Amino acid sequence: LPSAQGPASSLLTNDGDGNLSWGTLSTLGAATFQTTQGVNNSTNQTISSTTDVDVTGMFITVPAGTYMIWFSADVLNGNNSNTCTVTIYTNGSANAITERNFSGLVKKNMVSAMGVVVVSSTAPMEIRVRARVDASNATFYNRSLMGLVM
């Protein structure tokens, strides 16, 4: 480690040979750092559709690149026998690998829904989360959607 503390807002850098020093964003170059796209929504949403509908507020558009898309929510099924299905969509198409089914839950017991997928595109991508139920309804609470640059 460097012998002295770095100035405010400085970053610890490595030159590749194991030598550490203090740097700033301007000395490292802005291209070194990628941004993360994300949204959160804590407004409750109850879904009763048997076809996929948007989960309110779970929509982002990311620039061209490769991303790990991550979705998380607390879900409460309306009765003990219905199934709630949650899927991450990219550019209007469902990513089947992200489809998660939540069924047989005792009413008033909440589970955390989560889906993760890696996607790449040479153009901006529209990412959204959609859900459906096979009967009754499901309520979404405290949800987040993130696109992490890889």
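Scroll up for the structure.
Worth saying up front: this structure is predicted, and the values here are computed from it rather than measured.

1. Comments concerning the overall build of the chain
Part 1 of the reasoning: Per the secondary structure count, the chain includes one helix and twelve strands.
Part 2 of the reasoning: Secondary structure of the chain in N-to-C order comes out as β-β-α-β-β-β-β-β-β-β-β-β-β.
Part 3 of the reasoning: Evaluated residue by residue, the chain yields a buried proportion of 35% over its 150 residues.
Part 4 of the reasoning: Relative to all contacts within the chain whose residues are 6 or more apart in sequence, the contacts with residues 24 or more apart total 73%.
Part 5 of the reasoning: When the accessible area of the chain is evaluated, it comes to approximately 8,400 Å², of which 51% is carbon and sulfur surface.

2. Digging into the environment of Gly18
Part 1 of the reasoning: Along the chain, the position of Gly18 falls in the loop between strand E1 (11-14) and strand E2 (20-23).
Part 2 of the reasoning: C-alpha of Gly18 to C-alpha of Leu1: the two residues are 17 residues apart in sequence and 9.7 Å apart in space.

3. Some thoughts on unusual backbone geometry
Part 1 of the reasoning: Even without glycine at this site, Asn91 takes up a positive phi of about 50 degrees.
Part 2 of the reasoning: Overall, Asn91 belongs to the partly exposed group, its relative accessible area being 46%.
Part 3 of the reasoning: Of note, Ser136 is a non-glycine position whose phi angle comes to about 55 degrees, a positive value.
Part 4 of the reasoning: Tracing the sequence through the fold places Ser136 in the loop between strand E11 (125-133) and strand E12 (138-149).

4. Here we look at the packing of aromatic side chains
Part 1 of the reasoning: Enumeration over the complete set of coordinates arrives at zero aromatic pairs.
Part 2 of the reasoning: Over the aromatic face of Tyr89 sits the side chain of Arg130, whose NZ or CZ is 5.5 Å from the ring centroid.

5. What to know about a nonpolar patch on the surface
Part 1 of the reasoning: Together, Leu1, Leu12, Leu20 and Trp22 line one region of the surface with nonpolar side chains, adding up to about 430 Å² of accessible area.
Part 2 of the reasoning: For Leu20, the location among the structural elements is in strand E2.
Part 3 of the reasoning: For Leu20, a relative accessible area of 33% corresponds to the partly exposed category.

6. Observations regarding the pattern of salt bridges
Part 1 of the reasoning: Scanning the model with the defined rule gives five salt bridges in all.
Part 2 of the reasoning: A salt bridge links Asp52 to Arg132; the shortest N-O distance between them is 2.8 Å. Within this pair, whereas Asp52 is found in the loop between strand E4 (45-47) and strand E5 (53-62), its partner Arg132 is found in strand E11, the two being separated by 80 residues in sequence.
Part 3 of the reasoning: Here Arg128 makes a salt bridge to Asp54, at a shortest N to O gap of 2.6 Å. Of this pair, Arg128 sits in strand E11 while Asp54 is found in strand E5, placing the two residues 74 residues apart along the sequence.
Part 4 of the reasoning: Taking relative accessible area as the criterion, Arg128 reaches 19% and is therefore assigned buried.
Part 5 of the reasoning: When its relative accessible area of 32% is taken as the criterion, Asp54 is described as partly exposed.
Part 6 of the reasoning: One continuous salt-bridge network, built from bridges that share partners, spans Asp54, Glu126, Arg128 and Arg130.

7. Considerations on the environment of Gln5
Part 1 of the reasoning: Mapped onto the elements, Gln5 comes out in the segment before E1.
Part 2 of the reasoning: Sequence spacing of Gln5 and Ser21 is 16 residues, and the spatial spacing of their C-alpha atoms is 10.0 Å.

8. Digging into the nonpolar core
Part 1 of the reasoning: Counting residues in each nonpolar core, the largest one holds 24 residues, and the members touching the most others are Ile69, Phe71, Val86, Ile127, Val129, Phe140 and Leu145.
Part 2 of the reasoning: Those elements giving two or more residues to this core turn out to be E5, strand E6 (65-77), strand E7 (83-90), strand E10 (111-121), E11 and E12.

The rules behind the values
Residues numbered from 1 in each chain as written. Predicted model: local features only at pLDDT ≥ 70, side-chain atom pairs only at ≥ 80, totals over all residues. Heavy atoms only, no water. Helix = DSSP H or I, 4+ residues; strand = E, 2+ residues; numbered from the N terminus. Buried < 20%, exposed > 50% of the residue type's maximum accessible area, 1.4 Å probe, protein only. Contact = heavy atoms within 4.5 Å. Areas by Shrake-Rupley, 256 points an atom, 1.4 Å probe, with all protein chains shown as cover. Phe/Tyr/Trp six-rings, centres within 6.5 Å; stacked < 30°, edge-to-face > 60°. Lys NZ or Arg CZ within 6 Å of the ring centre and 35° of its normal. Patch = residues over 30% accessible without salt bridge, like charges linked within 9 Å, V, L, I, M, F, W, Y side chains within 5 Å. Salt bridge = Lys/Arg side-chain N within 4 Å of Asp/Glu carboxyl O. Core = buried A, V, L, I, M, F, W, Y, C linked by side-chain atoms within 4.5 Å.

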